[in-house]
Amino acid sequence: MRYLVISDIHANLIAFETVLQDSKDKYDKIWCLGDVVGYGPHPNECVELLSCHDHLCLAGNHDWAVINRLNVDDFNPNAKFAVLWTREIMTTENLDYLAGLPDEPIEQESHFTLVHASPRHPIWEYVLYPRIAQLNFAHFQTNYCFVGHTHSPIVFVESQIYDTMCDAIIPTTERYLQELDVQRLIINPGSVGQPRDGDPRASYGILDTDKMEFEIRRVEYNVTEVQDIMKQYNFPPRLWSRLKFGF
Ligand SMILES: [Zn+2]
């Protein structure tokens, strides 16, 4: 089987459509690690487009905030604006979709654990650094764990030596191929709709379970078009300006 592994679409329909176009015919099913909505101008359209596909989707913190399962006061002012705006514009049917998303790590295909944030704190913890990643290897059973939430593509390799730090590989090329062999890994495919690693291109992954390979890919999308739509809705400047820089 081949899977399109995506995370943090964040209501950026143009980025999501570009990723689907770029990965066309390269996957059989979608695994989405959450935060389908929040930040961007097209929450309904993103939920509906994802729903058109054979997929599995987890709940993210923004999905939860929009359905009132998290206190919006825990968000920064710009994120809070987006949550409140999204609540108003989403249809009841699409809000019900978000409410039905699983919030615990899910094991798939024997080898893979999927979670939005981290295995030990599925909704909130940011796995940004080797120290946090190393602690999290004890919190899942499979060889590989896919996480989102940080919006930055990265591969953490578990250290086999007691009390030493794991390695981190940061992909810097348009395509990065990771063999899935004996080492246990925590893998973040990056964000479709709001990358934060200084590269504005949408980020996503393709998993091939026959070859046991995972490829992280980047694709350029029309950022200006998204920004223009966000300006029309009077989104705070920081929410649309950041898309150009990938932060
Ligand atoms: Zn997110």
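My aim in this report is to walk through the structure given alongside it, one point at a time. By convention here, each chain's residues receive numbers from 1 onward along its written sequence. Per-residue local features of the predicted model are confined to residues with pLDDT of at least 70, and side-chain atom pairs are confined, for both listing and counting, to 80 or more; whole-chain, interface and lining totals are unaffected and use all residues.

## With respect to the packing of helix 7 (residues 223-232) against helix 8 (residues 237-245)
The condition that has to hold: Axis definition: a line fitted to C-alpha atoms, over the contacting stretch in the case of helices. Angles run 0 to 180 degrees between N-to-C directions. Strands are runs of DSSP state E lasting at least 2 residues, helices are runs of H or I lasting at least 4, and numbering of each runs from the N terminus. For classification purposes, angles smaller than 35 degrees are called roughly parallel, those larger than 145 roughly antiparallel, those between 65 and 115 roughly perpendicular, and all remaining angles oblique. Contact criterion: two residues are in contact if their C-beta atoms, reconstructed from the backbone, are within 7 Å. In this classification, Asp, Glu, Lys and Arg are treated as charged, Ala, Val, Leu, Ile, Met, Phe, Trp, Tyr, Cys and Pro as nonpolar, and every other residue, Gly included, as polar.
For the pair helix 7 and helix 8, the least separation of the axes is 9 Å and the interaxial angle reads 175°. If you check the angle between helix 7 and helix 8, you find them roughly antiparallel. Here Val-223, Val-226, Gln-227, Met-230 and Lys-231 of helix 7 come into contact with helix 8, specifically with Leu-239, Trp-240, Leu-243 and Lys-244. When the residues that make up the contact of helix 7 with helix 8 are grouped by side-chain class, the tally is six nonpolar, one polar and two charged.

## Focus on the nonpolar core
Soluble globular proteins tend to bury their nonpolar side chains together. Rules: Each nonpolar core consists of buried Ala, Val, Leu, Ile, Met, Phe, Trp, Tyr and Cys residues. Their C-beta atoms, within 7 Å, join them into a set. To sort residues by burial, count the other C-beta atoms lying within 10 Å of each one's C-beta; a count of 20 or more means buried, 12 or fewer means exposed, and anything in between means partly exposed. C-beta atoms are built from the backbone.
With 66 residues, the main nonpolar core has Val-5, Ile-6, Cys-46, Phe-146, Val-147, Ile-186 and Val-192 as its most contacted residues. With five residues, the top contributor of residues to this core is helix 1 (residues 13-22). Those residues in contact with Ile-186 that lie beyond four places of it in its chain are Val-127, Ala-133, Asn-136, Cys-145, Val-147 and Phe-156.

## Quick look at the environment of Val-37
In this structure, Val-37 sits in the loop between strand 2 (29-32) and helix 2 (43-51). Given 32 C-beta atoms within 10 Å, Val-37 falls into the buried group. It is 9.6 Å that separates the C-alpha atoms of Val-37 and Trp-64, two residues lying 27 residues apart in sequence. In this view, Val-37 contacts His-10, Ala-11, Pro-43, Cys-46, Val-47, His-62, Asp-63, Val-66, Thr-86 and Leu-98; residues no more than four positions away in its chain are not counted.

## Considerations on helix 4 (residues 77-89)
Formally: Take the number of residues in a helix, subtract one, and multiply by 1.5 Å to get its expected span.
End to end, helix 4 covers 19 Å across 13 residues, agreeing with the expected 18 Å (1.5 Å per residue, within 8%). Among the residues of helix 4, Ala-82, Val-83, Trp-85 and Thr-86 are the ones counted as buried. If you follow the buried residues of helix 4, they end up packed against helix 2, helix 3 (61-66) and helix 8.

## Notes on the pairing of strand 12 (residues 213-219)
Threshold: Two strands make a pair as long as DSSP finds a minimum of two bridges between them.
Pairing of strand 9 (residues 175-179) with strand 12, which is carried by five bridges, proceeds in the antiparallel orientation. The partner of Tyr-176 across the bridge, within strand 12, is Ile-216. Of the strand pairs in this sheet, strand 11 (residues 202-208) and strand 12 are connected by seven bridges, and their pairing is antiparallel. Following the sheet pairing, Ile-206 is matched in strand 12 by Glu-215. Where strand 11 folds back on strand 12, the antiparallel hairpin that results is connected by four residues, among which Met-212 adopts a positive phi of roughly 50°.

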